[in-house]
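This is what each chain is made of:
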Amino acid sequence: MNDKDYKINLNQILPHPLKPLATGWCIEQMPQVRISLRTRRFYRHGWQSWSFSGWLEMDTPLHPPGDPVAILMNEDQPYANRLVRTSAGFTVLEDNEGKLLLIGALDLEGRVLIEEDHLLARYEQGHGNWFLATGTAETIFDAYAQALAERCGRFRHTQAPRIWCSWYSLYYFISETLLLKVLRELNDLPFDVFQIDDGWQQTVGDWQPNRKFPHGMAEMARQIRQSGRLAGLWLAPFLVHERAPLFRQHPDWLLRDERGRLVLATKHWGGKVYALDVTHPAVQDWLGALMRQVRAWGYDYVKLDFLYAAALPAVRHREMSREAAYRMGLEILRQNLGDAFLLLCGAPILPSLGLCDAIRISPDVAAYWLNRPYQQIEGWCARGVKNAIHPSLHRLWLKPLVHPDPDVAYFRHRALYLSEAQKSLQRDLAWICDYRATSDLPWWLTPAEREALRTFWEQRPKVQKLDAHRFLLDDRLVDFRPALEAPPRSSYPKFLAGHLGFLQDALQLGWPAILASRFGK
(Lines give C-alpha, C1' and ligand atoms only; values in the text may rest on other atoms or scores of the structure.)
Protein backbone atom coordinates (compact mmCIF):
# COMPACT_ATOMS: atom_id res chain seq x y z
CA MET A 1 0.00 0.00 0.00
CA ASN A 2 1.09 3.57 -0.58
CA ASP A 3 -0.39 6.85 0.55
CA LYS A 4 -2.48 7.17 -2.63
CA ASP A 5 -4.53 4.19 -1.50
CA TYR A 6 -5.57 5.78 1.78
CA LYS A 7 -8.82 7.70 1.63
CA ILE A 8 -8.95 8.79 5.29
CA ASN A 9 -7.01 11.87 6.37
CA LEU A 10 -4.53 10.75 9.02
CA ASN A 11 -4.89 14.11 10.75
CA GLN A 12 -8.22 12.77 11.99
CA ILE A 13 -6.35 10.08 13.92
CA LEU A 14 -3.33 11.96 15.22
CA PRO A 15 -1.92 12.69 17.84
CA HIS A 16 -1.86 8.91 18.32
CA PRO A 17 1.53 7.58 17.11
CA LEU A 18 1.13 5.36 14.04
CA LYS A 19 3.46 2.51 13.14
CA PRO A 20 3.28 1.67 9.40
CA LEU A 21 2.53 -1.95 8.52
CA ALA A 22 2.39 -3.69 5.14
CA THR A 23 -1.42 -3.49 5.07
CA GLY A 24 -2.20 -0.58 7.37
CA TRP A 25 -1.00 0.97 10.61
CA CYS A 26 -0.67 -0.02 14.24
CA ILE A 27 -1.30 2.17 17.27
CA GLU A 28 0.75 0.51 19.99
CA GLN A 29 -0.14 0.06 23.66
CA MET A 30 -3.00 2.52 23.92
CA PRO A 31 -5.86 2.04 26.42
CA GLN A 32 -8.22 3.91 24.12
CA VAL A 33 -8.31 5.73 20.78
CA ARG A 34 -10.78 8.48 19.95
CA ILE A 35 -11.41 9.33 16.29
CA SER A 36 -13.58 12.26 15.25
CA LEU A 37 -15.40 11.23 12.10
CA ARG A 38 -18.94 11.56 10.89
CA THR A 39 -20.20 8.33 9.44
CA ARG A 40 -23.18 7.30 7.37
CA ARG A 41 -23.08 3.68 8.45
CA PHE A 42 -20.83 1.31 10.36
CA TYR A 43 -20.05 -2.40 10.58
CA ARG A 44 -21.15 -3.79 13.91
CA HIS A 45 -19.33 -6.96 14.91
CA GLY A 46 -21.15 -9.13 17.44
CA TRP A 47 -19.26 -10.51 20.41
CA GLN A 48 -20.14 -14.18 20.07
CA SER A 49 -21.58 -16.70 17.62
CA TRP A 50 -25.23 -15.75 18.08
CA SER A 51 -24.72 -11.97 18.20
CA PHE A 52 -25.79 -9.77 15.31
CA SER A 53 -23.08 -8.71 12.85
CA GLY A 54 -23.50 -6.52 9.81
CA TRP A 55 -23.70 -3.00 8.42
CA LEU A 56 -25.99 -0.56 10.22
CA GLU A 57 -27.16 2.86 9.13
CA MET A 58 -26.69 5.46 11.84
CA ASP A 59 -30.35 6.50 11.64
CA THR A 60 -31.89 3.02 11.26
CA PRO A 61 -33.89 1.83 14.28
CA LEU A 62 -33.00 -1.74 15.22
CA HIS A 63 -34.35 -4.20 17.70
CA PRO A 64 -31.75 -6.06 19.74
CA PRO A 65 -32.92 -8.58 22.33
CA GLY A 66 -35.10 -6.98 24.97
CA ASP A 67 -35.31 -9.86 27.41
CA PRO A 68 -32.48 -10.00 30.02
CA VAL A 69 -31.90 -13.74 29.57
CA ALA A 70 -31.86 -13.34 25.77
CA ILE A 71 -29.21 -10.62 26.15
CA LEU A 72 -27.24 -12.83 28.52
CA MET A 73 -27.27 -15.75 26.06
CA ASN A 74 -26.73 -13.86 22.84
CA GLU A 75 -24.96 -10.57 23.40
CA ASP A 76 -22.22 -8.92 25.48
CA GLN A 77 -23.97 -8.37 28.81
CA PRO A 78 -21.92 -5.41 30.13
CA TYR A 79 -23.05 -3.38 27.11
CA ALA A 80 -26.74 -4.26 27.40
CA ASN A 81 -27.79 -0.62 27.54
CA ARG A 82 -26.08 0.26 24.24
CA LEU A 83 -25.98 -2.95 22.19
CA VAL A 84 -26.66 -1.36 18.80
CA ARG A 85 -23.66 0.96 18.86
CA THR A 86 -21.12 -1.28 20.53
CA SER A 87 -18.91 -3.37 18.27
CA ALA A 88 -16.83 -6.22 19.68
CA GLY A 89 -13.18 -6.02 18.73
CA PHE A 90 -13.41 -3.82 15.68
CA THR A 91 -15.59 -1.71 13.44
CA VAL A 92 -15.56 -0.23 9.95
CA LEU A 93 -16.86 3.29 9.36
CA GLU A 94 -18.20 4.51 6.03
CA ASP A 95 -18.68 8.23 5.44
CA ASN A 96 -21.06 9.96 3.04
CA GLU A 97 -18.54 9.65 0.21
CA GLY A 98 -18.15 5.90 0.66
CA LYS A 99 -14.71 6.15 2.29
CA LEU A 100 -13.92 3.35 4.73
CA LEU A 101 -11.85 3.16 7.90
CA LEU A 102 -11.31 -0.05 9.91
CA ILE A 103 -10.05 0.09 13.48
CA GLY A 104 -9.60 -3.22 15.25
CA ALA A 105 -8.16 -4.59 18.47
CA LEU A 106 -5.18 -6.92 18.25
CA ASP A 107 -5.51 -7.94 21.89
CA LEU A 108 -8.32 -9.21 24.12
CA GLU A 109 -11.17 -7.09 25.53
CA GLY A 110 -11.25 -4.51 22.72
CA ARG A 111 -14.55 -2.69 22.21
CA VAL A 112 -15.53 0.13 19.86
CA LEU A 113 -18.27 2.55 20.91
CA ILE A 114 -19.82 4.44 17.98
CA GLU A 115 -21.33 7.89 18.47
CA GLU A 116 -22.76 10.45 16.04
CA ASP A 117 -19.52 12.37 15.51
CA HIS A 118 -16.76 10.10 16.82
CA LEU A 119 -15.83 6.61 17.89
CA LEU A 120 -14.06 5.48 21.03
CA ALA A 121 -11.99 2.33 20.72
CA ARG A 122 -10.94 1.09 24.12
CA TYR A 123 -9.79 -1.91 26.09
CA GLU A 124 -11.83 -3.02 29.09
CA GLN A 125 -8.62 -3.47 31.05
CA GLY A 126 -5.14 -2.13 30.47
CA HIS A 127 -3.47 -1.27 27.17
CA GLY A 128 -3.33 -2.97 23.81
CA ASN A 129 -2.51 -2.58 20.13
CA TRP A 130 -4.93 -1.26 17.52
CA PHE A 131 -4.89 -1.98 13.81
CA LEU A 132 -6.06 0.61 11.26
CA ALA A 133 -6.64 0.22 7.55
CA THR A 134 -8.37 2.09 4.76
CA GLY A 135 -9.36 1.08 1.25
CA THR A 136 -12.11 -1.14 -0.15
CA ALA A 137 -14.19 -3.34 2.11
CA GLU A 138 -12.51 -6.44 0.67
CA THR A 139 -8.96 -5.19 1.25
CA ILE A 140 -9.46 -3.88 4.80
CA PHE A 141 -11.24 -7.02 6.05
CA ASP A 142 -8.49 -9.14 4.48
CA ALA A 143 -5.84 -6.93 6.08
CA TYR A 144 -7.41 -7.27 9.53
CA ALA A 145 -7.76 -11.05 9.13
CA GLN A 146 -4.05 -11.24 8.25
CA ALA A 147 -3.12 -9.15 11.29
CA LEU A 148 -5.21 -11.41 13.54
CA ALA A 149 -3.67 -14.53 11.99
CA GLU A 150 -0.20 -13.28 12.85
CA ARG A 151 -1.34 -12.51 16.39
CA CYS A 152 -3.59 -15.50 17.18
CA GLY A 153 -3.05 -18.22 14.58
CA ARG A 154 -5.43 -20.14 12.30
CA PHE A 155 -7.30 -23.44 12.17
CA ARG A 156 -5.43 -26.77 12.38
CA HIS A 157 -7.60 -28.62 9.88
CA THR A 158 -7.56 -26.88 6.52
CA GLN A 159 -10.55 -28.84 5.16
CA ALA A 160 -13.97 -28.81 6.83
CA PRO A 161 -15.80 -32.18 6.89
CA ARG A 162 -19.35 -32.89 5.67
CA ILE A 163 -21.64 -33.43 8.64
CA TRP A 164 -24.89 -35.05 9.67
CA CYS A 165 -26.04 -33.65 13.04
CA SER A 166 -28.93 -34.91 15.16
CA TRP A 167 -30.13 -31.58 16.55
CA TYR A 168 -32.33 -29.95 13.89
CA SER A 169 -34.57 -32.94 13.35
CA LEU A 170 -34.60 -34.78 16.69
CA TYR A 171 -33.58 -32.11 19.20
CA TYR A 172 -33.42 -33.67 22.71
CA PHE A 173 -35.37 -36.78 21.66
CA ILE A 174 -32.41 -38.91 20.61
CA SER A 175 -31.56 -42.44 21.63
CA GLU A 176 -28.99 -45.05 20.80
CA THR A 177 -31.50 -47.15 18.85
CA LEU A 178 -32.82 -44.22 16.84
CA LEU A 179 -29.42 -42.81 15.93
CA LEU A 180 -28.12 -46.19 14.80
CA LYS A 181 -31.18 -46.48 12.56
CA VAL A 182 -30.39 -43.08 11.05
CA LEU A 183 -26.77 -44.10 10.54
CA ARG A 184 -27.78 -47.28 8.70
CA GLU A 185 -30.26 -45.48 6.45
CA LEU A 186 -27.81 -42.72 5.54
CA ASN A 187 -25.05 -45.17 4.83
CA ASP A 188 -24.83 -44.70 1.04
CA LEU A 189 -24.54 -40.89 1.26
CA PRO A 190 -21.12 -39.18 1.03
CA PHE A 191 -20.62 -37.48 4.40
CA ASP A 192 -17.71 -37.55 6.84
CA VAL A 193 -19.08 -36.95 10.36
CA PHE A 194 -22.05 -38.36 12.24
CA GLN A 195 -22.50 -35.95 15.14
CA ILE A 196 -24.58 -36.65 18.26
CA ASP A 197 -25.98 -33.44 19.68
CA ASP A 198 -27.69 -32.47 22.96
CA GLY A 199 -29.75 -35.18 24.65
CA TRP A 200 -27.22 -37.96 25.29
CA GLN A 201 -25.97 -36.74 28.70
CA GLN A 202 -27.34 -37.18 32.21
CA THR A 203 -27.64 -33.42 32.51
CA VAL A 204 -25.57 -30.39 31.62
CA GLY A 205 -22.55 -30.64 33.88
CA ASP A 206 -22.85 -34.43 34.24
CA TRP A 207 -21.30 -35.73 31.04
CA GLN A 208 -22.10 -39.39 31.29
CA PRO A 209 -24.63 -41.13 29.03
CA ASN A 210 -28.24 -41.32 30.15
CA ARG A 211 -30.46 -44.40 30.03
CA LYS A 212 -31.29 -43.83 26.34
CA PHE A 213 -27.71 -44.89 25.55
CA PRO A 214 -27.47 -48.18 27.47
CA HIS A 215 -24.28 -49.35 25.79
CA GLY A 216 -22.42 -46.11 26.42
CA MET A 217 -20.81 -43.47 24.25
CA ALA A 218 -17.73 -45.51 23.38
CA GLU A 219 -19.96 -48.13 21.74
CA MET A 220 -21.80 -45.42 19.80
CA ALA A 221 -18.48 -44.05 18.56
CA ARG A 222 -17.32 -47.54 17.60
CA GLN A 223 -20.38 -48.17 15.44
CA ILE A 224 -20.13 -44.77 13.80
CA ARG A 225 -16.47 -45.32 12.98
CA GLN A 226 -17.25 -48.80 11.71
CA SER A 227 -19.45 -47.13 9.07
CA GLY A 228 -16.41 -45.23 7.80
CA ARG A 229 -17.32 -41.89 9.42
CA LEU A 230 -15.84 -39.80 12.17
CA ALA A 231 -17.83 -39.82 15.38
CA GLY A 232 -18.91 -36.38 16.59
CA LEU A 233 -20.19 -35.32 20.00
CA TRP A 234 -21.78 -32.16 21.49
CA LEU A 235 -20.98 -30.82 24.95
CA ALA A 236 -21.28 -27.54 26.87
CA PRO A 237 -18.26 -27.93 29.16
CA PHE A 238 -18.36 -24.51 30.85
CA LEU A 239 -21.97 -24.91 32.08
CA VAL A 240 -23.37 -26.56 35.21
CA HIS A 241 -27.12 -27.09 35.63
CA GLU A 242 -28.57 -26.65 39.10
CA ARG A 243 -29.62 -30.34 39.05
CA ALA A 244 -26.12 -31.62 38.23
CA PRO A 245 -24.21 -33.35 41.06
CA LEU A 246 -21.29 -31.03 40.32
CA PHE A 247 -23.43 -28.05 41.36
CA ARG A 248 -23.94 -29.53 44.84
CA GLN A 249 -20.48 -31.05 45.25
CA HIS A 250 -18.32 -28.11 44.17
CA PRO A 251 -20.06 -24.76 44.67
CA ASP A 252 -16.60 -23.17 44.92
CA TRP A 253 -16.00 -24.04 41.25
CA LEU A 254 -18.69 -21.64 40.03
CA LEU A 255 -18.43 -18.01 38.99
CA ARG A 256 -19.74 -15.48 41.50
CA ASP A 257 -20.30 -11.75 41.45
CA GLU A 258 -18.80 -9.16 43.82
CA ARG A 259 -21.48 -9.91 46.41
CA GLY A 260 -20.77 -13.64 46.35
CA ARG A 261 -23.90 -14.57 44.39
CA LEU A 262 -23.75 -17.20 41.67
CA VAL A 263 -23.49 -15.79 38.14
CA LEU A 264 -26.37 -17.01 36.00
CA ALA A 265 -25.27 -18.23 32.56
CA THR A 266 -28.73 -19.04 31.17
CA LYS A 267 -32.13 -20.49 31.97
CA HIS A 268 -32.42 -23.68 29.98
CA TRP A 269 -33.08 -27.42 30.27
CA GLY A 270 -35.87 -26.70 32.73
CA GLY A 271 -33.85 -24.74 35.27
CA LYS A 272 -31.06 -22.34 36.04
CA VAL A 273 -27.60 -22.92 34.62
CA TYR A 274 -24.36 -21.49 35.98
CA ALA A 275 -20.79 -21.04 34.74
CA LEU A 276 -17.57 -22.72 35.81
CA ASP A 277 -14.65 -20.58 36.92
CA VAL A 278 -12.02 -21.77 34.48
CA THR A 279 -9.23 -20.06 36.45
CA HIS A 280 -9.73 -22.52 39.34
CA PRO A 281 -7.05 -25.26 39.23
CA ALA A 282 -9.53 -28.02 40.10
CA VAL A 283 -11.86 -26.87 37.30
CA GLN A 284 -8.96 -26.92 34.87
CA ASP A 285 -8.14 -30.50 35.87
CA TRP A 286 -11.81 -31.48 35.50
CA LEU A 287 -12.08 -29.90 32.03
CA GLY A 288 -8.91 -31.59 30.84
CA ALA A 289 -10.11 -34.99 32.10
CA LEU A 290 -13.50 -34.48 30.41
CA MET A 291 -11.91 -33.79 27.02
CA ARG A 292 -9.58 -36.78 27.36
CA GLN A 293 -12.61 -38.93 28.17
CA VAL A 294 -14.36 -37.77 24.99
CA ARG A 295 -11.31 -38.67 22.93
CA ALA A 296 -10.93 -42.02 24.71
CA TRP A 297 -14.53 -42.84 23.81
CA GLY A 298 -13.52 -42.39 20.17
CA TYR A 299 -14.86 -38.97 19.15
CA ASP A 300 -12.72 -37.12 16.61
CA TYR A 301 -15.15 -34.26 15.91
CA VAL A 302 -16.22 -32.22 18.94
CA LYS A 303 -18.81 -29.45 19.09
CA LEU A 304 -18.53 -27.29 22.21
CA ASP A 305 -21.46 -25.00 22.95
CA PHE A 306 -22.49 -22.10 25.24
CA LEU A 307 -18.85 -21.16 25.67
CA TYR A 308 -19.57 -17.49 26.34
CA ALA A 309 -20.32 -18.50 29.94
CA ALA A 310 -16.62 -18.61 30.85
CA ALA A 311 -16.27 -14.94 29.83
CA LEU A 312 -19.15 -13.50 31.85
CA PRO A 313 -18.30 -10.67 34.26
CA ALA A 314 -17.44 -12.17 37.66
CA VAL A 315 -14.96 -12.39 40.49
CA ARG A 316 -12.62 -15.24 39.64
CA HIS A 317 -10.38 -17.53 41.66
CA ARG A 318 -7.40 -16.05 39.84
CA GLU A 319 -7.63 -12.37 39.01
CA MET A 320 -7.59 -11.77 35.27
CA SER A 321 -9.74 -10.20 32.59
CA ARG A 322 -12.80 -12.14 31.48
CA GLU A 323 -11.66 -12.81 27.89
CA ALA A 324 -8.21 -13.85 29.10
CA ALA A 325 -9.93 -16.32 31.45
CA TYR A 326 -12.05 -17.59 28.57
CA ARG A 327 -9.03 -18.11 26.34
CA MET A 328 -7.20 -19.92 29.14
CA GLY A 329 -10.14 -22.31 29.50
CA LEU A 330 -10.34 -22.84 25.75
CA GLU A 331 -6.61 -23.57 25.58
CA ILE A 332 -7.10 -26.36 28.14
CA LEU A 333 -9.92 -27.88 26.07
CA ARG A 334 -7.93 -27.62 22.84
CA GLN A 335 -4.79 -29.13 24.35
CA ASN A 336 -6.62 -32.14 25.76
CA LEU A 337 -8.60 -32.76 22.56
CA GLY A 338 -5.41 -33.25 20.59
CA ASP A 339 -5.96 -33.33 16.84
CA ALA A 340 -9.77 -33.62 16.98
CA PHE A 341 -11.69 -31.28 14.70
CA LEU A 342 -13.08 -28.62 17.07
CA LEU A 343 -16.26 -26.64 16.32
CA LEU A 344 -17.25 -23.87 18.73
CA CYS A 345 -20.75 -22.48 19.20
CA GLY A 346 -22.04 -19.67 21.39
CA ALA A 347 -18.39 -18.65 21.51
CA PRO A 348 -16.74 -15.21 21.67
CA ILE A 349 -15.38 -14.85 18.14
CA LEU A 350 -12.08 -12.99 18.36
CA PRO A 351 -10.88 -14.59 21.66
CA SER A 352 -11.38 -18.04 20.07
CA LEU A 353 -9.17 -17.53 17.01
CA GLY A 354 -6.24 -19.90 16.73
CA LEU A 355 -7.75 -22.40 19.17
CA CYS A 356 -10.51 -23.94 17.04
CA ASP A 357 -11.07 -25.27 13.55
CA ALA A 358 -14.59 -23.94 13.01
CA ILE A 359 -16.95 -21.53 14.69
CA ARG A 360 -20.67 -20.89 14.40
CA ILE A 361 -21.24 -17.45 12.90
CA SER A 362 -25.01 -17.06 13.39
CA PRO A 363 -27.96 -17.87 15.62
CA ASP A 364 -29.48 -21.32 15.22
CA VAL A 365 -31.51 -22.02 12.11
CA ALA A 366 -34.85 -23.78 12.45
CA ALA A 367 -37.37 -25.47 10.18
CA TYR A 368 -38.98 -22.08 9.63
CA TRP A 369 -37.95 -18.68 8.26
CA LEU A 370 -38.89 -16.70 11.37
CA ASN A 371 -40.64 -17.09 14.71
CA ARG A 372 -42.25 -13.66 14.90
CA PRO A 373 -43.37 -13.79 18.57
CA TYR A 374 -39.89 -14.87 19.71
CA GLN A 375 -38.45 -12.18 17.44
CA GLN A 376 -40.17 -9.64 19.65
CA ILE A 377 -38.37 -11.05 22.73
CA GLU A 378 -35.01 -12.12 21.33
CA GLY A 379 -34.67 -9.57 18.52
CA TRP A 380 -32.06 -10.26 15.86
CA CYS A 381 -30.80 -13.32 17.81
CA ALA A 382 -34.03 -15.33 17.58
CA ARG A 383 -33.62 -18.69 15.88
CA GLY A 384 -34.68 -19.10 12.26
CA VAL A 385 -33.13 -19.21 8.80
CA LYS A 386 -33.68 -15.50 8.15
CA ASN A 387 -31.79 -14.36 11.24
CA ALA A 388 -28.97 -16.82 10.50
CA ILE A 389 -28.31 -15.56 6.97
CA HIS A 390 -27.53 -11.94 7.83
CA PRO A 391 -24.59 -12.40 10.26
CA SER A 392 -23.25 -15.35 8.28
CA LEU A 393 -22.85 -13.21 5.16
CA HIS A 394 -21.16 -10.49 7.16
CA ARG A 395 -18.68 -12.84 8.83
CA LEU A 396 -17.25 -14.40 5.70
CA TRP A 397 -14.11 -12.32 6.29
CA LEU A 398 -13.22 -14.96 8.93
CA LYS A 399 -12.57 -17.66 6.30
CA PRO A 400 -8.76 -17.26 6.27
CA LEU A 401 -8.74 -17.81 10.05
CA VAL A 402 -11.43 -20.40 10.84
CA HIS A 403 -14.06 -22.44 9.02
CA PRO A 404 -17.29 -20.39 9.32
CA ASP A 405 -20.31 -22.55 10.20
CA PRO A 406 -23.62 -21.03 8.98
CA ASP A 407 -25.58 -23.95 10.49
CA VAL A 408 -27.39 -26.77 8.73
CA ALA A 409 -29.15 -26.77 5.36
CA TYR A 410 -32.55 -28.41 4.73
CA PHE A 411 -33.55 -30.74 1.91
CA ARG A 412 -36.71 -32.38 3.22
CA HIS A 413 -40.28 -31.21 2.69
CA ARG A 414 -41.70 -32.92 5.77
CA ALA A 415 -41.91 -30.87 8.97
CA LEU A 416 -40.45 -27.89 7.14
CA TYR A 417 -41.90 -24.39 6.81
CA LEU A 418 -39.56 -22.87 4.26
CA SER A 419 -40.19 -22.03 0.62
CA GLU A 420 -37.98 -23.55 -2.04
CA ALA A 421 -36.29 -20.17 -2.47
CA GLN A 422 -35.58 -19.93 1.26
CA LYS A 423 -34.18 -23.48 1.37
CA SER A 424 -32.00 -22.70 -1.61
CA LEU A 425 -30.51 -19.60 0.04
CA GLN A 426 -29.42 -21.57 3.10
CA ARG A 427 -27.88 -24.33 0.95
CA ASP A 428 -26.05 -21.77 -1.16
CA LEU A 429 -24.75 -20.08 1.96
CA ALA A 430 -23.34 -23.40 3.14
CA TRP A 431 -21.54 -23.81 -0.19
CA ILE A 432 -20.18 -20.25 0.06
CA CYS A 433 -18.92 -20.90 3.59
CA ASP A 434 -17.70 -24.35 2.50
CA TYR A 435 -19.25 -25.87 5.63
CA ARG A 436 -21.88 -28.40 4.63
CA ALA A 437 -24.12 -29.96 7.25
CA THR A 438 -27.69 -31.20 7.55
CA SER A 439 -29.95 -32.84 10.14
CA ASP A 440 -32.58 -34.28 7.81
CA LEU A 441 -33.80 -37.75 8.72
CA PRO A 442 -33.45 -40.25 5.88
CA TRP A 443 -37.12 -41.33 6.05
CA TRP A 444 -38.20 -37.69 5.73
CA LEU A 445 -36.53 -37.42 2.31
CA THR A 446 -38.11 -38.24 -1.04
CA PRO A 447 -35.80 -39.87 -3.61
CA ALA A 448 -35.35 -36.48 -5.29
CA GLU A 449 -34.54 -34.78 -1.99
CA ARG A 450 -32.06 -37.52 -1.14
CA GLU A 451 -30.29 -36.95 -4.45
CA ALA A 452 -30.24 -33.20 -3.80
CA LEU A 453 -28.52 -33.92 -0.48
CA ARG A 454 -26.05 -36.20 -2.25
CA THR A 455 -25.24 -33.41 -4.70
CA PHE A 456 -24.82 -30.94 -1.84
CA TRP A 457 -22.21 -33.16 -0.22
CA GLU A 458 -20.49 -34.30 -3.43
CA GLN A 459 -20.15 -31.02 -5.30
CA ARG A 460 -18.22 -27.86 -4.48
CA PRO A 461 -19.26 -25.18 -6.95
CA LYS A 462 -16.84 -22.42 -7.85
CA VAL A 463 -17.74 -19.38 -5.72
CA GLN A 464 -17.22 -15.88 -7.06
CA LYS A 465 -18.10 -12.93 -4.81
CA LEU A 466 -19.69 -10.08 -6.76
CA ASP A 467 -20.35 -7.84 -3.75
CA ALA A 468 -21.31 -8.25 -0.10
CA HIS A 469 -24.67 -9.86 -0.92
CA ARG A 470 -24.39 -11.37 -4.41
CA PHE A 471 -22.38 -14.36 -5.55
CA LEU A 472 -21.91 -16.58 -8.57
CA LEU A 473 -21.95 -20.31 -7.83
CA ASP A 474 -20.48 -21.67 -11.03
CA ASP A 475 -22.61 -19.59 -13.45
CA ARG A 476 -25.69 -19.25 -11.21
CA LEU A 477 -26.42 -15.89 -9.57
CA VAL A 478 -27.32 -15.98 -5.87
CA ASP A 479 -28.71 -12.75 -4.43
CA PHE A 480 -29.25 -12.58 -0.67
CA ARG A 481 -30.61 -9.03 -0.56
CA PRO A 482 -34.30 -10.02 -0.20
CA ALA A 483 -33.42 -12.02 2.91
CA LEU A 484 -31.74 -9.04 4.59
CA GLU A 485 -34.78 -6.82 4.94
CA ALA A 486 -35.72 -6.13 8.55
CA PRO A 487 -38.61 -8.35 9.67
CA PRO A 488 -41.89 -6.71 10.72
CA ARG A 489 -42.26 -6.06 14.42
CA SER A 490 -44.98 -7.68 16.48
CA SER A 491 -46.57 -5.86 19.39
CA TYR A 492 -47.80 -8.66 21.62
CA PRO A 493 -47.55 -8.30 25.39
CA LYS A 494 -44.33 -9.99 26.45
CA PHE A 495 -46.01 -12.90 28.23
CA LEU A 496 -48.20 -13.56 25.17
CA ALA A 497 -45.23 -13.35 22.78
CA GLY A 498 -43.42 -15.92 24.89
CA HIS A 499 -46.35 -18.32 24.86
CA LEU A 500 -47.02 -17.90 21.13
CA GLY A 501 -43.35 -18.36 20.29
CA PHE A 502 -43.20 -21.49 22.41
CA LEU A 503 -46.35 -22.83 20.74
CA GLN A 504 -44.82 -22.36 17.27
CA ASP A 505 -41.66 -24.17 18.32
CA ALA A 506 -43.61 -26.97 19.99
CA LEU A 507 -45.78 -27.62 16.92
CA GLN A 508 -43.21 -27.07 14.18
CA LEU A 509 -40.03 -28.37 15.86
CA GLY A 510 -40.83 -30.41 18.94
CA TRP A 511 -43.82 -32.45 17.77
CA PRO A 512 -42.14 -33.80 14.60
CA ALA A 513 -39.09 -34.74 16.69
CA ILE A 514 -41.27 -36.62 19.19
CA LEU A 515 -43.06 -38.52 16.42
CA ALA A 516 -39.71 -39.45 14.85
CA SER A 517 -38.31 -40.65 18.17
CA ARG A 518 -41.40 -42.65 19.20
CA PHE A 519 -42.56 -44.09 15.90
CA GLY A 520 -39.70 -43.58 13.43
CA LYS A 521 -41.89 -41.32 11.30
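The shown structure was predicted, so the numbers you read here are calculated from the model rather than taken from an experiment. (Residues numbered from 1 in each chain as written. Predicted model: local features only at pLDDT ≥ 70, side-chain atom pairs only at ≥ 80, totals over all residues. Heavy atoms only, no water.)

Student: Could you give me a rundown of the nonpolar core, with the residues and numbers involved?
Tutor: Ranked by size, the top nonpolar core spans 158 residues in total, and within it I196, W200, Y299, L304, L344, I389 and W397 carry the most contacts. Top contributing element to this core by residue count: helix α2 (residues 137–152), with eight residues. Setting aside chain neighbours within four positions, we find Y299 in contact with I196, M217, M220, A221, A231, G232, L233 and V294. The next biggest cluster of nonpolar side chains, apart from the first, holds 23 residues, and it includes W25, L37, F52 and I114. (Core = buried A, V, L, I, M, F, W, Y, C linked by side-chain atoms within 4.5 Å. Buried < 20%, exposed > 50% of the residue type's maximum accessible area, 1.4 Å probe, protein only. Helix = DSSP H or I, 4+ residues; strand = E, 2+ residues; numbered from the N terminus. Contact = heavy atoms within 4.5 Å.)

Student: Hey, could you go over the sheet that holds strand β25 (residues 463–465) for me, with residue numbers and the actual values?
Tutor: With respect to topology, three strands assemble into an open sheet ordered β25-β26-β27, the strand pairing being antiparallel. Each edge of the open sheet is held by one strand with a lone partner, namely β25 and β27 (476–479). Across the sheet, the mean angle from the axis of one strand to that of its neighbour is 25 degrees, orientation sign disregarded. For strand β26 (residues 470–473) and β27, the ladder comprises four bridges, and the chain directions are antiparallel. Considered in β27, the bridge of F471 is made with V478. Contacts between helix α12 (residues 420–433) and the sheet are confined to β25, β26 and β27, with β27 contributing the most and set at about 105 degrees to the helix. (Pairing = 2+ DSSP bridges. Axes fitted to C-alpha atoms, helices over the stretch in contact; angles between N-to-C directions.)

Student: Could you give me a rundown of the pattern of salt bridges, with the residues and numbers involved?
Tutor: A full pass over the atoms with the stated rule returns 37 salt bridges. We note a salt bridge from K423 to E420, for which the minimum N-O separation is 3.1 Å. Taken together, the positions of K423 and E420, both in helix α12 and three residues apart, correspond to about one turn of that helix. Note that R476 and D428 form a salt bridge whose closest N and O atoms lie 2.8 Å from each other. (Salt bridge = Lys/Arg side-chain N within 4 Å of Asp/Glu carboxyl O.)

Student: Run through empty space enclosed by the protein, naming residues and quoting values.
Tutor: Under the defined criterion, the tally for this structure stands at three cavities of 30 Å³ or more. Of the pockets and cavities examined, the largest cavity occupies roughly 80 Å³. Considering the residues around the largest cavity, the lining is formed by 13 residues, among which C165, Q195, L343, D405 and A437 are closest to the centre. Of all elements in the fold, only β12 (163–165) and β20 (301–304) reach the threshold of two or more residues within the lining of the largest cavity. The residue makeup of the lining of the largest cavity, split by class, is eight nonpolar, one polar and four charged. (1 Å grid on protein atoms, 1.4 Å probe; cavity = no way out; pocket = protein on both sides within 12 Å on 5 of 7 lines; lining within 4 Å. Points joined across faces, edges and corners; volume = space filled by probe spheres on them. Nonpolar A, V, L, I, M, F, W, Y, C, P; charged D, E, K, R; others polar.)

Student: Run through the sheet that holds strand β10 (residues 118–123), naming residues and quoting values.
Tutor: Strand order in the open sheet formed by four strands is β3-β10-β9-β6, with antiparallel pairing between adjacent strands. Looking at strand neighbours, the two that pair on one side only are β3 (32–36) and β6 (86–88), the edges of this open sheet. Within this sheet the neighbouring strands show an average axis-to-axis angle of 15 degrees, counted without direction. Where β6 lies against strand β9 (residues 110–114), three bridges are found, and the strand directions are antiparallel. Counted as the bridge partner of T86 is L113 from β9.

Student: Before we move on, can you summarise the packing of aromatic side chains with the specific residues and values?
Tutor: All told, the structure shown has 31 aromatic pairs when counted by the stated rule. Centre to centre, the rings of W50 and F306 are 5.2 Å apart; their planes meet at 75 degrees, and the pair counts as edge-to-face. Of the two residues, W50 is situated in the loop between β4 (41–44) and β5 (54–57) and F306 in the loop between β20 and α8 (322–337); the sequence distance between them amounts to 256 residues. The same class applies to W50 and to F306, which are both buried. Seen in terms of ring centroids, F238 and Y326 are 6.4 Å apart; in terms of plane orientation they differ by 80 degrees. Their pairing is edge-to-face. With F238 in the loop between β16 (230–235) and β17 (239–241) and Y326 in helix α8, this residue pair connects regions lying 88 residues apart in the sequence. For F238, a relative accessible area of 0% corresponds to the buried category. Through a chain of ring-to-ring contacts, the aromatic side chains of W50, W200, W207, W234, W269, W297, F306 and Y308 assemble into a single cluster. One Lys or Arg, R322, reaches over the ring of W47 and ends 5.3 Å from the middle of that ring. (Phe/Tyr/Trp six-rings, centres within 6.5 Å; stacked < 30°, edge-to-face > 60°. Lys NZ or Arg CZ within 6 Å of the ring centre and 35° of its normal.)

Student: Describe helix α14 (residues 494–519), listing the residues and the values that go with them.
Tutor: Taking 1.5 Å of rise per residue, the 26 residues of α14 would be expected to cover 38 Å, and the 36 Å separating its terminal C-alpha atoms lies within 8% of that figure. Roughly 40 degrees is the biggest bend found in α14, and it falls at A506. Listed in full, the buried residues belonging to α14 are A497, G498, G501, Q504, D505, Q508, L509, G510, P512, A513 and A516. Contacts made by the buried residues of α14 are with α3 (167–170), α4 (176–185) and α10 (372–378). (Expected span 1.5 Å × (residues − 1). Bend = angle between axes of the 7 residues up to and from the residue.)

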